[in-house]
Structures are given as C-alpha cells and as structure tokens.
Amino acid sequence: VQLQASGGGLVQAGGSLRLSCAASGLSSRTYTTAWFRQVPWKEREFVAVFFRGGSATYFADSVKGRSALSKDNAKNTVYLQMNSLKPEDTAVYYCAASERVISSTASRESSYHYWGQGTQVTVSS
C-alpha cells in the first residue's frame, strides 16, 4: 500500500489549494482516509477525515467551514480543498488511511495504518 500526497505549495493568505492523496494497493471505497498536518516541534494535528463507503466527513474546528473533501474512486484519490487559507495553516500535510476507523477515534494518528510522505503548504501573510 502506498499513499502519495501532492498539491502543496506557496499561496497568499486568502487563497486556495487542493491537496490530493492518491492510493495504490487499496481502494478509497473500502478505506477511510484522513489528513493531518504538522509544523516543526509540534505534534501532528488532525485536519479532516473521509469515512469509507459513503460520503461522511468530519473536519477539525480549525478548518471547518473553509475546507471540503471529495474523492474519485476510479482514481483511488481523495482531495482536500482548502479555501481562505491563513498563515497558521502553514504545515506539512500528510494523508493517512486505514480499513477500520471508528468515528470516536478518527482524529487519532494511531487509528491509521498507512501514511503518505507529506506535502508542504506555506501560506504567506
């Protein structure tokens, strides 16, 4: 199983980015996929999760209302659309996946077996 995160970059505050998490070796239909982010010297922070099977999603308060998740099952890819970006959104963004994730623990790193390599998002003020 491999996860490939991409789409990061440098953007001005108020701008938008769409991050992609392309999976090989698993199906986005049967795996729950999440996004986390990390800045240096801080713990990895949960951002959003797309539960397997349907269209249920959940977002951290820090991005709620300005982010959206979507997926293309044919491409085994999950997308994180981030709008109205703020400098505090600057981080390395990681995607993660696992077959069985329950909603009560979906924000925990330990819930996910597979991780991508991360993509840098930098928001300038």
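Residues numbered from 1 in each chain as written. Predicted model: local features only at pLDDT ≥ 70, side-chain atom pairs only at ≥ 80, totals over all residues. Heavy atoms only, no water.

*Asks:* Teacher, can you tell me more about the overall build of the protein chain here?
*Replies:* Along the protein chain, the regular secondary structure elements total zero helices and eleven strands. For the protein chain, the α and β elements follow one another from N to C terminus as β-β-β-β-β-β-β-β-β-β-β. A compact globule built from 125 residues would reach a C-alpha radius of gyration of about 14 Å, and the protein chain, at 13 Å, matches this within 12%. Seen through its principal axes, the protein chain has C-alpha atoms that stretch 40 × 30 × 25 Å. Per-residue burial for the protein chain yields a buried fraction of 43% across its 125 residues. For the protein chain, the proportion of contacts with a sequence separation of at least 24, taken over those separated by at least 6, is 56%. As displayed, the protein chain offers around 6,500 Å² of accessible surface, 46% of which is attributable to carbon and sulfur atoms. Charged side chains of the protein chain number 13 positive and 8 negative; the gap between the two group centres comes to 6 Å. (Helix = DSSP H or I, 4+ residues; strand = E, 2+ residues; numbered from the N terminus. Rg over C-alpha atoms; globule rule 2.2 N^0.38 Å. Buried < 20%, exposed > 50% of the residue type's maximum accessible area, 1.4 Å probe, protein only. Contact = heavy atoms within 4.5 Å. Areas by Shrake-Rupley, 256 points an atom, 1.4 Å probe, with all protein chains shown as cover. Lys, Arg positive; Asp, Glu negative; His and termini not counted. Charge placed at Lys NZ, Arg CZ, Asp CG, Glu CD.)

*Asks:* It is not clear to me how the pairing of strand β11 (residues 119-124) should be interpreted in this structure. Could you clarify?
*Replies:* Side chains of β11 alternate between two faces, with T119, V121 and V123 buried and Q120, T122 and S124 left unburied. As judged from the four bridges shared by strand β2 (residues 9-12) and β11, these two strands associate in the parallel manner. Bridge assignment links G9 to a residue of β11, and that residue is V121. Here strand β9 (residues 91-98) runs beside β11; their pairing, made up of three bridges, is antiparallel. Along β11, the bridge assignment pairs V92 with Q120. (Pairing = 2+ DSSP bridges.)

*Asks:* Just checking my understanding: could you explain the pattern of salt bridges for this structure?
*Replies:* Inspection of the entire model under this criterion finds five salt bridges. The closest approach of N and O atoms between D61 and K64, which form a salt bridge, is 3.1 Å. Accessibility expressed as a relative area gives 65% for D61, which makes it exposed. The network of salt bridges with shared partners includes R37, E45, R66 and D89. (Salt bridge = Lys/Arg side-chain N within 4 Å of Asp/Glu carboxyl O.)

*Asks:* Even after reading the chapter, I still don't get the state of the cysteines, so can you show me in this structure?
*Replies:* Working definition of a disulfide: a covalent bond connecting the sulfur atoms of two cysteines. The full count for this structure, using the stated rule, is one disulfide. Each disulfide pairs two cysteine sulfurs, and for C21 the partner residue is C95, the sulfurs being separated by 2.2 Å. One quick way to see it: the torsion about the S-S bond of C21 and C95 is about 75 degrees, and its sign makes the bridge right-handed. Of this pair, C21 sits in strand β3 (residues 17-24) while C95 sits in strand β9; the two residues are 74 residues apart in sequence, bridging distant segments of the chain. As far as the burial class goes, C21 and C95 line up, both buried. (Disulfide = S-S within 2.5 Å.)

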